[in-house]
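One letter stands for each residue in the lines below.
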Amino acid sequence: MNKNDKKKDIRKGKVDPNSIKEFKVHEECELLPFLLAKYPHLSRNNVKSLLSNHQVSVDGAPVSQFNLKLAKEDTVIVSKRRIAKKERAKLPIIFENDEIIVINKPSGLLSIASDTEKGRTAYRMVNDYVQQSDRHNRIFVVHRLDEDTSGVLMFAKNAKIKEALQSNWQEIVKTRKYYAVVEGEMEKPSDTFTDYLKENSLNLMYVSKSSKDAKKCVTSYKVIRSNKTYSLLDVEIFSGRKNQIRVQLGYRNHHVIGDDKYGEPANPINRLGLHCYELSIVHPFTHKVMKFGAPIPPEFEKIFVKPTPKSEFGPKKGKMRR
């Protein structure tokens, strides 16, 4: 395509086909005025055609309504081609009300869109779900789980609760508990690790011998089950640092199974051996404690001969579901 052809495409209202544009939202606004500001060379009808052609997504979820309310920190993506509709798999909902929705995120699913994956995310699945009842509905990111970590993941259903949760997340969260399957037998039946973590040039975390320019990280564990090869741990984190469980356990030569990011451990269950089974928060407005849980993945227990005690968060009819 020569320069004249590109100019013709711009006049016709087409986005440069050689790129995907990403824009960060810095203040609340509606989608159409936001796009008009980003594409001043396009007419109002041209920008509306991008929406009607399903070339625009917010945090990885395709949108078509021009008056969609954008929140601070949203990412608006304009694609070079139509974003295809995808059939939504059965959504593992733990809890839902008018303010939040909590799911049991599967392993191998991104929480939100990344540089390499814009469509298949937990955010898009949940967004598609809430728009089934009203296409103007949307959700908002509150926190994240690593792609290969399964378990409790919460989204907000309006900007007010999202802002209240995100701005005070460390104070609002009461408990964050995980099941972790690690290599080897632990030296103690329970322990607490306090380390200082830094990030290297490859965006990997590591334990630093110095606290200077590092982030304090506290993790405790209790052994649930163990054999000569693996240990199943009940882990609680007291500081939400990137990859902290994987880094702190790996630093002590007890790598989480399947974690090829921080070591070369065995992978007997073809997934990362990490699952968030409990998240409890203090509601920012009512100040009531809300606890959400997801049962232990069955593949974790299959590694050990004897079954582990049933989780208090096993399936219960009529509990925390609409």
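This section reports on the structure supplied with the text. As the structure is a prediction and not an experimental result, all values here were calculated from the model. (Residues numbered from 1 in each chain as written. Predicted model: local features only at pLDDT ≥ 70, side-chain atom pairs only at ≥ 80, totals over all residues. Heavy atoms only, no water.)

## Re the packing of aromatic side chains
Thought 1: Counted by the stated rule, this structure contains 6 aromatic pairs.
Thought 2: The interplanar angle of 85° and the centroid separation of 5.8 Å between the aromatic rings of F23 and Y39 together place this pair among those described as edge-to-face. Of this pair, F23 sits in strand 1 (residues 21-24) while Y39 sits in the loop between helix 2 (31-38) and helix 3 (44-52), and the two are 16 residues apart along the sequence. Like Y39, F23 is buried.
Thought 3: For the ring pair F95 and F292, a centre distance of 5.3 Å and an interplane angle of 40° mean the geometry is tilted. Of this pair, F95 sits in strand 7 (residues 93-96) while F292 sits in strand 17 (residues 289-293), and the two are 197 residues apart along the sequence. Each member of the pair, F95 as well as F292, is classed as buried.
Thought 4: Directly above the aromatic system of F66 lies the positively charged group of K48, at a separation of 4.8 Å from the ring centroid. (Phe/Tyr/Trp six-rings, centres within 6.5 Å; stacked < 30°, edge-to-face > 60°. Helix = DSSP H or I, 4+ residues; strand = E, 2+ residues; numbered from the N terminus. Buried < 20%, exposed > 50% of the residue type's maximum accessible area, 1.4 Å probe, protein only. Lys NZ or Arg CZ within 6 Å of the ring centre and 35° of its normal.)

## Digging into empty space enclosed by the protein
Thought 1: For the structure shown, the criterion picks out 1 cavity of 30 Å³ or more.
Thought 2: What the largest cavity holds in volume is close to 40 Å³.
Thought 3: What lines the largest cavity is simply N97, E99, I100, I161, L165, I281, H283, P284 and M290.
Thought 4: Taken together, the residues that form the lining of the largest cavity break down as 6 nonpolar, 2 polar and 1 charged. (1 Å grid on protein atoms, 1.4 Å probe; cavity = no way out; pocket = protein on both sides within 12 Å on 5 of 7 lines; lining within 4 Å. Points joined across faces, edges and corners; volume = space filled by probe spheres on them. Nonpolar A, V, L, I, M, F, W, Y, C, P; charged D, E, K, R; others polar.)

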